[in-house]
Amino acid sequence: MNVLIIGSGGREHVLCRKIKQSPLLTKLYALPGSAAISEIADCSNVAADDFEGIFSFCKNEKIDVVIVGPEAPLAAGLQDFLSDKGIKVFGPSAAGAKLESSKEYAKEFMKKNEIPTADFKVFTDCAKAKEEIKNMKHPLVIKADGLCAGKGVRICFEEKESFQAVSDFMDKKIFGDSGSRIIAEEFLIGKEASIMAFVDGNDFLMLPVSRDHKRLSDNNEGPNTGGMGAVCPVNLDDDTIAIIKKQVLDRFIEGLKKENISYRGIIYVGLMFTKSGPKVLEFNVRFGDPEAQAVLPLIDGDLLEIIIAAIDGKIAGKKLSIKKGVCVSIVLSSGGYPANPEKGKEIKGLENFADSEEIMIFHSGTRKDSGKWLTNGGRVLNIAAVAPNIEEARKKVYFAISNMSFDGMHYRKDIGL
Ligand code: AMP
Ligand code: GLY
């Protein structure tokens, strides 16, 4: 079977590595892919938003299955477009992707389907928002409604900060139209975890639970980022898993059915364990990044087989074979990230681990020039290792990182502590 992966980051790199192991695979392609991905898949410079270009590519290369990595093409309707033309796509329809592309829609969906989440209010007018926020309890969480690459959430400890967030999102439009509607949300306290599950429209199959580290610096300080590292598994007791399945995933599937939403892909649930039980912070409609780089290396079985089962509506009864042990994956980011990441810095030391069985390197934002690897984005690399326990996994990863460098390189030292 010929498989096409859409995207170019670290998540797509680990997806390619995993799909490459499948006995069902004939040939692997990626659009647009990256220099690193081109080492294992045929890449071509077709952008993720060029739907006609993707369709022509699928016809020419006889693609059987398209796996969509990022959310933007899903929100723009890539699944609808390709499946109308008879191509199998792993990833939800635009209606399903709205659960990520509109936080307001996601919150209303949760409310309607009794999925536990923080109390909230939606605003479409800046002055009205400020007026009402005066009467709201702080800390308060202000969120832009639309897609903001993981940067549209502000935790505001006092009114002044809430006003600033409202002005930035609604007046200054720092995220364009994504901030024309905002959500003011109750501040929750608790540990977080990332729940991902395959969904076939009727059933789900949970992946091992993981944890992302969203703040830039150690001790959860600094600005929110797309994610600075992840660990998997996060061990939850059976009762907690049962509550998550019953109160979140079952109700999610029921909600899809009630609203007639076509959804064959991954649902990602950002969860917080509060004193009054688990509550959903957000839905994403694809694999988390960097969670995928910590979760997928632990899958022992055939990922492609499960993906096909999800697309065909046959996930019921499927089982995922998971390796024993722990995976730690740490992001190396550029100087200036997340505000103004520097680019074009030479990355040294990758060759030391090129053939390593122990250290996995997934490229998020790199390019290759005259045989040298250069930084090309905010999150540059994910360095990951699987080991029997978290201490050993951490040791391996940090040892590898100590042999790598580029100007301005930053990483967290407390991932998995
Ligand atoms: P989100 O993109 O909605 O997942 O938010 C990004 C991060 O902001 C989350 O991972 C949490 O750490 C934090 N966050 C979001 N919503 C809340 C909330 N209601 N209470 C406390 N922290 C939150
Ligand atoms: N790690 C969070 C996300 O993928 O949005």
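Reading the values: the criteria
Residues numbered from 1 in each chain as written. Chains lettered and ligands numbered in written order. Predicted model: local features only at pLDDT ≥ 70, side-chain atom pairs only at ≥ 80, totals over all residues. Heavy atoms only, no water. Helix = DSSP H or I, 4+ residues; strand = E, 2+ residues; numbered from the N terminus. Buried < 20%, exposed > 50% of the residue type's maximum accessible area, 1.4 Å probe, protein only. Contact = heavy atoms within 4.5 Å. Areas by Shrake-Rupley, 256 points an atom, 1.4 Å probe, with all protein chains shown as cover. Lys, Arg positive; Asp, Glu negative; His and termini not counted. Charge placed at Lys NZ, Arg CZ, Asp CG, Glu CD. Near = heavy atom within 4 Å. Polar contact = N/O pair within 3.5 Å; in protein donor to acceptor, adjacent residues only side chain to side chain. Expected span 1.5 Å × (residues − 1). Bend = angle between axes of the 7 residues up to and from the residue. Salt bridge = Lys/Arg side-chain N within 4 Å of Asp/Glu carboxyl O. Pairing = 2+ DSSP bridges. Axes fitted to C-alpha atoms, helices over the stretch in contact; angles between N-to-C directions. Arc of directions from axis to C-beta. Core = buried A, V, L, I, M, F, W, Y, C linked by side-chain atoms within 4.5 Å. Nonpolar A, V, L, I, M, F, W, Y, C, P; charged D, E, K, R; others polar.

### A look at the overall build of the chain
Counting secondary structure elements, the chain contains twelve helices and 22 strands. A buried classification covers 56% of the 417 residues belonging to the chain. Within the chain, counting contacts between residues at least 6 apart in sequence, those at least 24 apart form 68% of the total. Counting every atom, the chain has about 17,700 Å² of accessible surface; 46% of that belongs to carbon and sulfur. Measuring between centres, the 56 positive side-chain charges of the chain sit 1 Å from its 58 negative side-chain charges.

### With respect to the site of ligand 1
In the vicinity of ligand 1 lie 15 residues, with Glu185, Glu186, Leu188, Glu192 and Glu282 positioned nearest. Taking Glu186, its main chain carries an N or O atom lying 2.9 Å from a nitrogen atom of ligand 1. A distance of 3.1 Å separates an oxygen atom of ligand 1 from a polar atom in the side chain of Glu282. Relative to its unbound accessible surface of 470 Å², ligand 1 loses 93% to contact with the protein. Within the residue set of the shell around ligand 1, elements represented by two or more residues are β7 (140-144), β8 (153-156), β9 (182-186) and β17 (277-284).

### Brief notes about unusual backbone geometry
Cis geometry marks the peptide bond from Leu31 to Pro32, where omega comes out at -15 degrees. Note that Pro32 resides in strand β2 (residues 27-32). Residue Pro338 is reached from Tyr337 by a cis peptide bond, and omega for that bond is 5 degrees. Structurally, Pro338 can be placed in the loop between β18 (326-333) and β19 (359-363). One non-glycine residue, Ser370, lies in positive phi territory at about 45 degrees. By the secondary structure assignment, Ser370 is in the loop between β20 (366-369) and β21 (372-375). Here Ser370 falls in the exposed class, since its relative accessible area comes to 71%.

### Description of helix α9 (residues 238-258)
Since there are 3.6 residues in each turn of an α-helix, residues three or four apart along the chain are aligned in direction. With 21 residues, α9 extends 28 Å between its outermost C-alpha atoms, agreeing within 8% with the 30 Å of an ideal straight helix rising 1.5 Å per residue. Along α9, the sharpest kink reaches roughly 35 degrees, centred on Lys245. Those residues of α9 that fall on the buried side of the exposure criterion are Thr240, Ile244, Val248, Leu249, Phe252, Ile253, Gly255 and Leu256. In the core, the buried residues of α9 are packed alongside α5 (94-101), α6 (103-112), β10 (191-199), β11 (204-206), β16 (265-274) and β17.

### Quick notes on the pattern of salt bridges
Counted under the stated rule, the structure contains 23 salt bridges. Between Glu185 and Lys107 there is a salt bridge, with the nearest N and O atoms lying 2.9 Å from each other. Note that Glu185 is positioned in strand β9 and Lys107 in helix α6, a separation of 78 residues in sequence. We note that Glu185, like Lys107, is buried.

### Focus: the sheet that holds strand β6 (residues 120-123)
Reading across from one edge, β6-β9-β7-β8 is the order of the four strands in this open sheet, with antiparallel pairing throughout. Of all strands in the sheet, those with a lone pairing partner are β6 and β8, marking the two edges. For this sheet the average axis-to-axis angle between neighbouring strands, irrespective of direction, equals 20 degrees. Note that β7 and β9 share five bridges and pair antiparallel. Paired with Ala144 across the bridge in β9 is Ile182. Here α6 sits on the sheet and contacts β6, β7, β8 and β9; the angle it forms with β6, its principal contact strand, is near 145 degrees.

### A short note on helix α12 (residues 390-402)
In this model, α12 (13 residues) spans 18 Å end to end at C-alpha, consistent with the 18 Å of a helix rising 1.5 Å per residue. When we look at burial in α12, the residues that qualify are Ala393, Arg394, Val397, Tyr398, Ala400 and Ile401. Buried residues of α12, viewed axially, fall in a sector of 155 degrees; they line one side. α12 presents Glu391, Lys395, Phe399 and Ser402 as exposed residues on the side facing more than 90 degrees away from its buried surface. Among the structural elements, β18, β19 and β22 (379-387) are those in contact with the buried residues of α12.

### Structural notes on the nonpolar core
Counting residues in each nonpolar core, the largest one holds 49 residues, and the members touching the most others are Leu4, Val66, Leu99, Phe252 and Phe283. If one sorts the elements of this core by residue count, α9 sits on top with six residues. Beyond its immediate stretch of four places on either side in the chain, Leu99 contacts Tyr105, Ala106, Phe109, Phe252, Leu256, Tyr263, Phe283 and Val285. Ile37, Ala292, Ile311 and Leu320 belong to the second largest nonpolar core, which has 43 residues in total.

### A word on the site of ligand 2
By nearness alone, every residue bordering ligand 2 is listed as Asp212, Lys214, Gly226, Tyr268, Asn284, Arg286, Gly288, Asp289, Pro290 and Glu291. Residue Asn284 places a side-chain N or O atom 3.1 Å away from an oxygen atom belonging to ligand 2. Contact between ligand 2 and Asp289: an oxygen atom at 2.9 Å from a main-chain N or O atom of the residue. Look at ligand 2: alone it shows 200 Å² of surface, and the protein chains cover 90% of it. For the shell around ligand 2, the class distribution of residues is two nonpolar, three polar and five charged.

### Structural notes on the environment of Ala242
Considering the arrangement of structural elements, one finds Ala242 in helix α9. You can call Ala242 partly exposed: its relative accessible area is 43%. With 40 residues separating them along the chain, Ala242 and Asn202 place their C-alpha atoms 18 Å apart.

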